Amino acid sequence: MTVDRAEFEDFVAARYGQLLRTAYLLTQDRALAEDLVQTTLARCWLAWARIDEPGAYVHRTMLNTYAAWWRRRWNGEHPTDELPHSPQYDGEPAVDLGRALKRLPRRMRAVVVLRFYEDLSEAETARILGCSVGTVKSQTSRALAKLRIDPRLVDHPLEQS
């Protein structure tokens, strides 16, 4: 048991920052990201002795936990008599990739985060998500297409004087 504990502690020490970054990109909230990482690590600790590939297993557990939270969680919408004021676009490019990722469906967001932020291959991403490489490719393609046309990410040419 002590060898498992030492291995687990070494894994957490080496990967905590990366896991927290991935969780933040998925949740778009620092506190929720920390909760997601802690819940994931707690679940993984219970199965640590049986895990062959810790990196893939932990990522898969995180994505499953995130998906369960997402399905269960109320989106926080509240009825109101007045519509909130939405700021007008002022012509300045507002590049906020975090918000753009948040607008993607959760599966596409997971693929983009794993492929481009975690720098995983298509095969590794497919293994973690439990889908085919073809699904990873199509989800990546669709996600990038959505990001390309996102009005807040489109480059606006600078006016020449």
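Our subject in this report is the structure included herewith. This one's a predicted model, so the numbers in the text were calculated from it and none came from an experiment. (Residues numbered from 1 in each chain as written. Predicted model: local features only at pLDDT ≥ 70, side-chain atom pairs only at ≥ 80, totals over all residues. Heavy atoms only, no water.)

## Thoughts on helix α7 (residues 133-149)
- Over its 17 residues, α7 runs 25 Å from end to end, which matches the ideal 24 Å to within 8%, given 1.5 Å per residue.
- Looking only at α7, the buried set comprises V136, Q139, T140, A143 and L147. Buried residues in α7, looked at end-on, bunch into an arc of 105°, giving them a common side. Among the exposed residues of α7, those pointing more than 90 degrees away from its buried face are R148 and I149. (Helix = DSSP H or I, 4+ residues; strand = E, 2+ residues; numbered from the N terminus. Expected span 1.5 Å × (residues − 1). Buried < 20%, exposed > 50% of the residue type's maximum accessible area, 1.4 Å probe, protein only. Arc of directions from axis to C-beta.)

## So, the packing of helix α6 (residues 122-129) against α7
- In contact at an axis separation of 8 Å, α6 and α7 are set at 105° when each is read in the N-to-C sense. For the element pair α6 / α7, the angle class is roughly perpendicular. Each of E122, A123, T125 and A126 in α6 lies in contact with α7, whose residues at this interface are V133, V136 and K137.
- Considered class by class, the residues forming the contact of α6 with α7 number 4 nonpolar, 1 polar and 2 charged. (Axes fitted to C-alpha atoms, helices over the stretch in contact; angles between N-to-C directions. Parallel < 35°, antiparallel > 145°, perpendicular 65-115°, else oblique. Contact = heavy atoms within 4.5 Å. Nonpolar A, V, L, I, M, F, W, Y, C, P; charged D, E, K, R; others polar.)

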